[in-house]
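Architecture at a glance
Here is how the chains run, residue by residue.
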Amino acid sequence: MSTMKSVRTGGDNAIEVVDTARPVTGPRDALVRVRACGICGTDVTFLHMGGMPAHAHLGGELTSIPLGHEVAGEIVEVGAEVAGLRVGDRVVVNPQDETNGVIGCGSRYGGMSEYLIMENVEIGRSVATFPDSVPFEVASLNEPMAVARHAVNRSGAKPADKVVVFGAGPIGLGAAIWLKLRGVAHVVVVDVISSRLEKALAVGADAVINSAEEDMTARLTELHGESANALGQPRPGTDVYFDAAGAAAVFNTVVDNAKWHARLVMVAVQKKGAEIDLGGMLRSELTLIASQGYPTEIFEVTPELVQHHALFARLISDCVPFSEANRAFRLTMTPGAAEKVVVTFGDDA
């Protein structure tokens, strides 16, 4: 039996690199040799939990699960009944196209492995191809950039809108990139880490705000002009807000600053519940829009990711070889140590 190495949840906020059976390719399957896999906040959440409950909706004993869902790789085996794919094709993966859950999020398979089987594979649904002009590590951003794209799609942002993105992590910066590519006139990114704000400017944000050092209301009014809420109280002229930070302070800041008919798109997983000022929402008729995953966007983003791959490459702070997977996860789990970590798999994988 051929084996491969794969990353699973371990104990005490740690991963475990295990030897497991290399998947066998069936007639309708394709085997992907993983060449890059990004580490997501979801992976970190599973590590903090120590795994996933056996029955997630009921609670129950935690079980170790394979990690990784931000996958780019190359096809090394193709089943006889598969159309449109061939050995050597470079592909990005739709982790939701798995019959037993989501890849790396409780299913049998994880993308942080030397090989990943795509069962009943279909090009355009399970995988999309990309050219060799795009590095594997940049292609691995396809999945998180689909999350960011869905948030932008949900926002309905138009070119004339003035927009604020809270959180200069990969999703927030991805949203800023998509907003500017969409032609949105003015995009502000807010964070408390200076290096992240510098990166926001590098990927096209029109302005940045360090909310730990600046008066948010005054700065937004300076950038977006003065408007008002339903009661005529002065508010900045911001049309759309994005919460890509997941902090309670963000929601409260938006409510305090929202003009009449402003919109808030919540794409971050909330770290802790917040008391919501419903009266403040009422006074602005603030619309709260939740954004989850990528119902249609997973491969909608691929051609533009290819076209603008040099821009998206700036989101990656660290590329770490699979042989140092423990270091890669420690980097991700250390606040402020890294922004976007991608694990790479070399030619000897």
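Residues numbered from 1 in each chain as written. Predicted model: local features only at pLDDT ≥ 70, side-chain atom pairs only at ≥ 80, totals over all residues. Heavy atoms only, no water.

This paragraph deals with the overall build of the chain. When helices and strands are tallied, the chain shows 11 helices and 19 strands. For the chain, the spread of C-alpha atoms along the three principal axes comes to 70 × 45 × 30 Å. In the chain, which comprises 349 residues, the share counted as buried stands at 52%. Considering only intrachain contacts with a sequence separation of at least 6, the fraction spanning at least 24 residues in the chain is 66%. Summed over all atoms, the accessible surface of the chain reaches about 15,000 Å², with 51% contributed by carbon and sulfur. Taken together, the 29 basic and 42 acidic charged side chains of the chain have centroids lying 3 Å from each other. (Helix = DSSP H or I, 4+ residues; strand = E, 2+ residues; numbered from the N terminus. Buried < 20%, exposed > 50% of the residue type's maximum accessible area, 1.4 Å probe, protein only. Contact = heavy atoms within 4.5 Å. Areas by Shrake-Rupley, 256 points an atom, 1.4 Å probe, with all protein chains shown as cover. Lys, Arg positive; Asp, Glu negative; His and termini not counted. Charge placed at Lys NZ, Arg CZ, Asp CG, Glu CD.)

Turning next to the state of the cysteines. For the structure on display, the rule yields 0 disulfides. The closest cysteine sulfur to the non-disulfide-bonded Cys37 is located on Cys40, 9.7 Å from its own sulfur. Cys37 sits in the buried class, given a relative accessible area of 0%. Residue Cys40 is classed as buried on the basis of its relative accessible area, which comes to 17%. (Disulfide = S-S within 2.5 Å.)

Opposite charge on two side chains allows them to pair when their charged atoms are near. Enumeration according to the criterion identifies 21 salt bridges in this entry. As a salt-bridge pair, Asp97 and Arg125 come within 3.1 Å of each other at their nearest N and O atoms. With Asp97 in the loop between β7 (90-93) and β8 (115-118) and Arg125 in the loop between β8 and β9 (127-129), this residue pair connects regions lying 28 residues apart in the sequence. On the basis of relative accessible area, Asp97 is assigned to the buried category, the value being 17%. For Arg125, a relative accessible area of 32% corresponds to the partly exposed category. In this structure, Glu222 and Arg219 form a salt bridge, with 3.1 Å as the shortest nitrogen-oxygen distance. Placement of the pair is Glu222 and Arg219 together in helix α6 (residues 216-224), with a separation of 3 residues, close to one helical turn. Judged by its relative accessible area of 59%, Glu222 falls in the exposed class. Taken together, the shared-partner salt bridges connect Arg33, Arg35 and Glu74 into one network. (Salt bridge = Lys/Arg side-chain N within 4 Å of Asp/Glu carboxyl O.)

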